[in-house]
Amino acid sequence: MSIEKVIRVAQAGGPELMRFEEVEVGKPGPGEVRIRHHACGVNYIDVYQRSGVYPLPMPLNLGMEASGVIEAVGEGVTHLAAGDRACYASQPPGAYSTARVLPARSVFKLPAAIGFDTAAALIFKGLTAQYLLRKTLPAGGLQAGDHVLFHAAAGGVGLIACQWAKALGWQLIATAGSDEKCALALENGAAHAINYRREKNFAAKVREITGGKGVKVVYDAVGADTFEGSIDSLAPFGLMVSYGNASGVVPPVQVGMLAAKGSLYLTRPTLFTHIATRESAQAMADDLFSFVESGAIQPNIGRRYALADAAQAHRDLESRATTGSSVLFV
Ligand SMILES: NC(=O)c1ccc[n+]([C@@H]2O[C@H](COP(=O)([O-])OP(=O)(O)OC[C@H]3O[C@@H](n4cnc5c(N)ncnc54)[C@H](OP(=O)(O)O)[C@@H]3O)[C@@H](O)[C@H]2O)c1
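All of these numbers come straight from a predicted model, not from anything done at the bench. (Residues numbered from 1 in each chain as written. Predicted model: local features only at pLDDT ≥ 70, side-chain atom pairs only at ≥ 80, totals over all residues. Heavy atoms only, no water.)

Here's the deal with the overall build of the protein chain
Next up, step 1: Each helix and strand counted, the protein chain has ten helices and 16 strands in total.
Next up, step 2: Taking the principal axes of the C-alpha coordinates as reference, the protein chain spans close to 60 × 40 × 35 Å.
Next up, step 3: In the protein chain, which comprises 330 residues, the share counted as buried stands at 54%.
Next up, step 4: Relative to all contacts within the protein chain whose residues are 6 or more apart in sequence, the contacts with residues 24 or more apart total 69%.
Next up, step 5: When the accessible area of the protein chain is evaluated, it comes to approximately 13,300 Å², of which 53% is carbon and sulfur surface.
Next up, step 6: Charge-centre separation for the protein chain: the mean point of 30 positive side chains lies 2 Å from the mean point of 29 negative side chains. (Helix = DSSP H or I, 4+ residues; strand = E, 2+ residues; numbered from the N terminus. Buried < 20%, exposed > 50% of the residue type's maximum accessible area, 1.4 Å probe, protein only. Contact = heavy atoms within 4.5 Å. Areas by Shrake-Rupley, 256 points an atom, 1.4 Å probe, with all protein chains shown as cover. Lys, Arg positive; Asp, Glu negative; His and termini not counted. Charge placed at Lys NZ, Arg CZ, Asp CG, Glu CD.)

Topic: the packing of aromatic side chains
Next up, step 1: One pass over the full model with this rule turns up six aromatic pairs.
Next up, step 2: Ring centres 4.7 Å apart and planes at 50° place the aromatic pair tyrosine 48 and tyrosine 54 in the tilted group.
Next up, step 3: Looking at tyrosine 48, the relative accessible area reads 7%, which means it is buried.
Next up, step 4: Between phenylalanine 150 and tyrosine 219 the ring centres are 5.6 Å apart and the planes differ by 35°, which places this aromatic pair in the tilted class. Highlighted residues: phenylalanine 150 in strand E9 (residues 147-150) and tyrosine 219 in strand E12 (residues 215-220), separated in sequence by 69 residues.
Next up, step 5: Take phenylalanine 150: its relative accessible area is 0%, and that puts it in the buried class.
Next up, step 6: Of the residues examined, tyrosine 219 reaches a relative accessible area of 0% and is grouped as buried.
Next up, step 7: Above the plane of the ring of phenylalanine 116 lies arginine 85, whose end atom (NZ or CZ) is 4.8 Å from the centre. (Phe/Tyr/Trp six-rings, centres within 6.5 Å; stacked < 30°, edge-to-face > 60°. Lys NZ or Arg CZ within 6 Å of the ring centre and 35° of its normal.)

Structural notes on the nonpolar core
One recurring pattern in soluble globular proteins: nonpolar side chains tend to sit buried together.
Next up, step 1: With 50 residues, the main nonpolar core has Leu127, Leu132, Leu133, Phe150, Tyr219, Tyr243 and Phe289 as its most contacted residues.
Next up, step 2: If you tally residues by element for this core, the top one is helix H2 (residues 116-135), at ten residues.
Next up, step 3: Look past the residues within four positions of leucine 132 in its chain and what remains in contact with it is Leu137, Phe150, Val157, Tyr219, Val241 and Tyr243.
Next up, step 4: Grouped together as the second largest cluster of nonpolar side chains are 28 residues, Val9, Leu80, Tyr88 and Leu307 included. (Core = buried A, V, L, I, M, F, W, Y, C linked by side-chain atoms within 4.5 Å.)

Focus: the pattern of salt bridges
Next up, step 1: In this structure the tally under the stated criterion is 15 salt bridges.
Next up, step 2: Of the charged contacts, one joins glutamate 318 and arginine 50 as a salt bridge, the two residues approaching to 2.8 Å between their closest N and O atoms. Of this pair, glutamate 318 sits in helix H10 (residues 310-318) while arginine 50 is found in helix H1 (residues 44-51), placing the two residues 268 residues apart along the sequence.
Next up, step 3: For glutamate 318, a relative accessible area of 31% gives the class partly exposed.
Next up, step 4: Residue classification places arginine 50 among the buried positions, given a relative accessible area of 2%.
Next up, step 5: The closest approach of N and O atoms between aspartate 179 and arginine 198, which form a salt bridge, is 3.0 Å. On the criterion of sequence distance, the pair formed by aspartate 179 in helix H4 (residues 179-187) and arginine 198 in the loop between strand E11 (192-195) and helix H5 (202-209) is long-range, its members being 19 residues apart.
Next up, step 6: Looking at arginine 198, the relative accessible area reads 53%, which means it is exposed.
Next up, step 7: Salt bridges linked by common partners bring Glu4, Arg34, Arg36 and Glu71 together as one network. (Salt bridge = Lys/Arg side-chain N within 4 Å of Asp/Glu carboxyl O.)

Quick look at the pairing of strand E5 (residues 65-73)
Next up, step 1: Bridge count between strand E3 (residues 32-42) and E5: seven bridges; the pairing is antiparallel. Residue pairing for E5: arginine 34 is matched across the bridge by alanine 72.
Next up, step 2: In terms of strand pairing, E5 meets strand E6 (residues 85-89) through five bridges, oriented antiparallel. What sits directly across from glycine 68, in E6, is alanine 86. (Pairing = 2+ DSSP bridges.)

Here we look at the environment of threonine 323
Next up, step 1: Among the structural elements, threonine 323 can be located in the loop between H10 and strand E16 (325-329).
Next up, step 2: Threonine 323 sits 49 residues away from histidine 274 along the chain, and the two C-alpha atoms are 26 Å apart.
Next up, step 3: Excluding residues within four positions of it along the chain, threonine 323 makes contact with Ala154, Lys181, Leu184 and Gly302.

A few points about the environment of glycine 145
Next up, step 1: Turning to its location among the elements, glycine 145 is positioned in the loop between H2 and E9.
Next up, step 2: Among residues more than four places away in sequence, those in contact with glycine 145 are Gly169, Trp170 and Gln171.

Overview of the site of the ligand
Next up, step 1: Within the structure, the ligand sits among 29 residues, and Lys181, Tyr196, Tyr243, Leu271 and Arg320 are positioned closest to it.
Next up, step 2: In the environment of the ligand, an oxygen atom lies 2.8 Å from a nitrogen or oxygen atom belonging to the side chain of tyrosine 131.
Next up, step 3: Within the backbone of proline 269, an N or O atom sits 3.1 Å from a nitrogen atom of the ligand.
Next up, step 4: Protein burial of the ligand: of its 900 Å² of free accessible surface, 93% is covered by the chains.
Next up, step 5: At the level of secondary structure, the elements contributing two or more residues to the shell around the ligand comprise H1, H2, helix H3 (156-167) and H10.
Next up, step 6: If one sorts the elements of the shell around the ligand by residue count, H2 sits on top with three residues.
Next up, step 7: Residues belonging to the shell around the ligand are distributed by class as follows: 15 nonpolar, ten polar and four charged. (Near = heavy atom within 4 Å. Polar contact = N/O pair within 3.5 Å; in protein donor to acceptor, adjacent residues only side chain to side chain. Nonpolar A, V, L, I, M, F, W, Y, C, P; charged D, E, K, R; others polar.)

Shown next, in the form of structure tokens:
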């Protein structure tokens, strides 16, 4: 048992409710590990959980992504040992902390070439990019040269997706909220970029870029503000992947609209289904690590904060001030 520090909220609300408090952390139970953190990643899901968009029991320890050193493993855990460098993307929340106990299922041994800060900036967002670009594909898959549309492409998940799409030979059309963010998406491998704060009709721009055809898939985590334009950007039989709601939750959809717009497919996936088994989670992490080790994917750490300053990291993320990944240092 030790006394550790954690960022938590007692009720849903704004970043001002985030407190840096002491908690007792014990030994890992069966199937669990105890890890001492070096760095923690900040994700938009942390904002949804803090604000109540995704309701969770309170008080709530925040954070879904971190890296550090394994201190102890519980009964039945065979893929990790005390002393291993590791990182994770996992439920339950609680990664904004100095040390914790959590299920070992989606805790991964860190390859020697990947540092703690890179891992904390990478693992939750990179596994998300993995299941989106490698597993959430239109019928017939995607070939080199195909166009895809990716919103908020200068963000944490977005810049990893730009790099990964380029490595796969796809033409990624990025959207982002400023000319600087568009330039960053292009530097990271996007083939085209649209400033969707200026070009409100981004679907018309997408048609222009694709010679009128539209794209085979749209990856949209902006949600309410972009859903309709995303649908209008798709080619017949295209796939709409709605995987987040940074601008607000997508209102209910008329299913018949999918027929009228060209026999479209619609999915609303979450990383947690994909990492629900140890085998699936490890296979995804291995795929991600191989692209990082080859140099094709290099996470961008846009901002660094002390763990105690997590509330400022939330304010910056929610105000669209960040690019790439934000990392909290323990
Ligand atoms: N379903 C899943 O499995 C899953 C997993 C991970 C992440 N996600 C989702 O993926 C998205 C990206 O996550 P992230 O952690 O990498 O965050 P992020 O992209 O670094 O930050 C969110 C970005 O969304 C854009 N945005 C557009 N309208 C916004 C608004 N009204 N308020 C705030 N931001 C707005 C902003 O970029 P611009 O200024 O360029 O518009 C902002 O930088 C989030 O929506 C997250 O929930 C989903």
